[in-house]
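# Descriptive structure summary
Okay, here's what each chain looks like letter by letter:
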Amino acid sequence: MAYAAGAVLIAALAAGCTGGGSTGDSAPDSKPGTLTASAAPPGKYRTLPDACRAIPLATLKDLLPGTADMPEAQQDKVFEGAATVTYDTDRRIGCRWKSDAPEGSRSIHVDFERVVSYDTSVSDDDRAREVYAKKESAADLPDSALPPDGSPDASPSGSGHADSGTDGKTEDGKTEDGKTEDGKTDKPGKKDSAKDDGSTESTDDAEATDDASADSSDDPASGSPGDSLQPRLLDKLGDSAFLDDALVQAGSAARHRTVSVVFRTSNVIVTVEYTAQPALTTEVPDSKELQEKAQALARQLVDSFND
């Protein structure tokens, strides 16, 4: 009888241990008051278009007038474009086109960057806003072109240069602040003939400055008439957009003007660069024409993303 009572006691203790163990196993997954944070939404765009097929043939012919007199085989080669080298075409892709003619050269560069946030608490769109804002800030837009609070991306439209690469320079030799290595860069309405060390110019330098001043009177982007052509924010182009305009002269070479339009649509940032370099060193590229064509191209591209 004592043996039977002992057996029952042992069985009861075993059952209690088993029940307690089961309760302990479920405890870590059922902590009261604990909420699982939801991940930020992904961006609208998961892929990028083929940059070298992004511009219609008719548009390329208009932007590269020098191709009109080329043999057909040469035209085809120009219109094919040259893809820019990127490490991940799913994240970034670009293309360049260039035509040379007796009167000068024209070139186009488009760059598509798909921004992805690796922080689950930050959406792809928010991360793209940050990337775009840095580009707008680097463009160093005139104060009159900024929204009232002066902060980038503060208005529906934004502004800047394309990525300048690891060396801080763009392909045409400009640094991120828009200057060439010799420091000779003019933006519409900005002329600076003083030397960095504050010394006076030589007679030759002064004459060169006078010539440049005379040329500026023929430049649609200089002086009061060019106020509307200065680098600025753009309205109704993607979620945010800006335009930059730089006239560059390196040494004795002909001056070239590059108009850049940068816009953001959701988590993709698009950069359009349109450059003209006349054959004559005395000729100043037409800012108004380049700006109008660069903006028209940018609007075509943003429409293609919305299709």
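Here we summarise the structure given alongside this text. (Residues numbered from 1 in each chain as written. Predicted model: local features only at pLDDT ≥ 70, side-chain atom pairs only at ≥ 80, totals over all residues. Heavy atoms only, no water.)

## Things to note about the packing of aromatic side chains
Tallied over the full model, the rule gives 3 aromatic pairs. Taking the centre distance of 5.9 Å and the plane angle of 55° together, the rings of Y132 and F242 count as tilted. Both residues of the pair, Y132 and F242, belong to the buried class. Aromatic rings pair up to connect Y45, F112 and F305 into one cluster. (Phe/Tyr/Trp six-rings, centres within 6.5 Å; stacked < 30°, edge-to-face > 60°. Buried < 20%, exposed > 50% of the residue type's maximum accessible area, 1.4 Å probe, protein only.)

## Description of the state of the cysteines
Counted under the stated rule, the structure contains 1 disulfide. For C52, the disulfide goes to C95, at an S-S distance of 2.1 Å. One disulfide, between C52 and C95, carries an S-S torsion of 100° and so falls in the right-handed class. Of the two residues, C52 is situated in the loop between α1 (2–26) and α2 (57–63) and C95 in strand β2 (residues 92–101); the sequence distance between them amounts to 43 residues. (Disulfide = S-S within 2.5 Å. Helix = DSSP H or I, 4+ residues; strand = E, 2+ residues; numbered from the N terminus.)

## Focus on the environment of P42
Mapped onto the secondary structure, P42 falls in the loop between α1 and α2. A sequence separation of 83 residues divides P42 from D125, and the C-alpha atoms of the two residues are 7.7 Å apart.

## A word on the nonpolar core
Counting residues in each nonpolar core, the largest one holds 36 residues, and the members touching the most others are I108 and V110. Looking at this core, the elements that each hand over two or more residues are α2, α3 (72–80), β2, β3 (104–114), β6 (240–248), β7 (256–265), β8 (268–278) and α6 (287–306). In contact with I108, not counting residues within four places along its chain, are I55, L60, L63, L64, C95, R96, W97, E273, Y274 and L297. Judged by nonpolar contacts, the second largest core, of 10 residues, contains A128, Y132, A139 and I269. (Core = buried A, V, L, I, M, F, W, Y, C linked by side-chain atoms within 4.5 Å. Contact = heavy atoms within 4.5 Å.)

## Looking at unusual backbone geometry
Negative phi characterises most residues that are not glycine, and trans characterises most peptide bonds. One non-glycine residue, K236, adopts positive backbone phi at about 55°. Given a relative accessible area of 80%, K236 falls into the exposed group. With a phi angle near 55°, S266 is a residue other than glycine that sits in the positive phi range.

## Concerning the environment of P41
Along the polypeptide, P41 turns up in the loop between α1 and α2. The exposure class assigned to P41 is exposed, which follows from its relative accessible area of 55%. Linking P41 and T120, residues 79 residues apart in sequence, is a C-alpha distance of 8.5 Å. Residues in contact with P41, not counting those within four places in the same chain, are S123 and D124.

## Notes on the pairing of β8
By the criterion of burial, β8 is predominantly enclosed, with 10 of the 11 residues buried. Bridge analysis of β3 against β8 gives 11 bridges, and the strand direction is antiparallel. Note on β8: the bridge partner recorded for E113 is I269. Note that β7 and β8 share 9 bridges and pair antiparallel. Across the sheet, the residue bridging to S260 is E273, located in β8. (Pairing = 2+ DSSP bridges.)

## What to know about the pattern of salt bridges
Side chains that differ in charge, positive against negative, can pair when their charged atoms come close. Counted by the stated rule, this structure contains 11 salt bridges. Two residues, D90 and R114, come together in a salt bridge whose shortest N-O distance is 2.7 Å. With D90 in the loop between β1 (82–83) and β2 and R114 in strand β3, this pair connects stretches of sequence that are 24 residues apart. The exposure class of D90 is partly exposed, given its relative accessible area of 35%. Given a relative accessible area of 8%, R114 falls into the buried group. (Salt bridge = Lys/Arg side-chain N within 4 Å of Asp/Glu carboxyl O.)

## A look at the pairing of β6
Among the 9 residues that make up β6, 9 are buried, leaving the element largely enclosed by the rest of the structure. Burial along β6 is two-sided: S240, F242, D244, A246 and V248 and A241, L243, D245 and L247, pointing in opposite directions, are all buried. Two strands pair when backbone bridges link them, and strand β5 (residues 232–233) and β6 are joined in this way by 2 bridges, in the antiparallel orientation. Looking across to β6, one finds that L233 is bridged to F242. The loop that links β5 with its antiparallel partner β6 comprises 6 residues; one of these, K236, has a positive phi angle of about 55°. Two elements, β6 and β7, share 9 bridges in a ladder whose sense is antiparallel.

Note that every value here comes from positions in space, so none of it alone points to a role or purpose.
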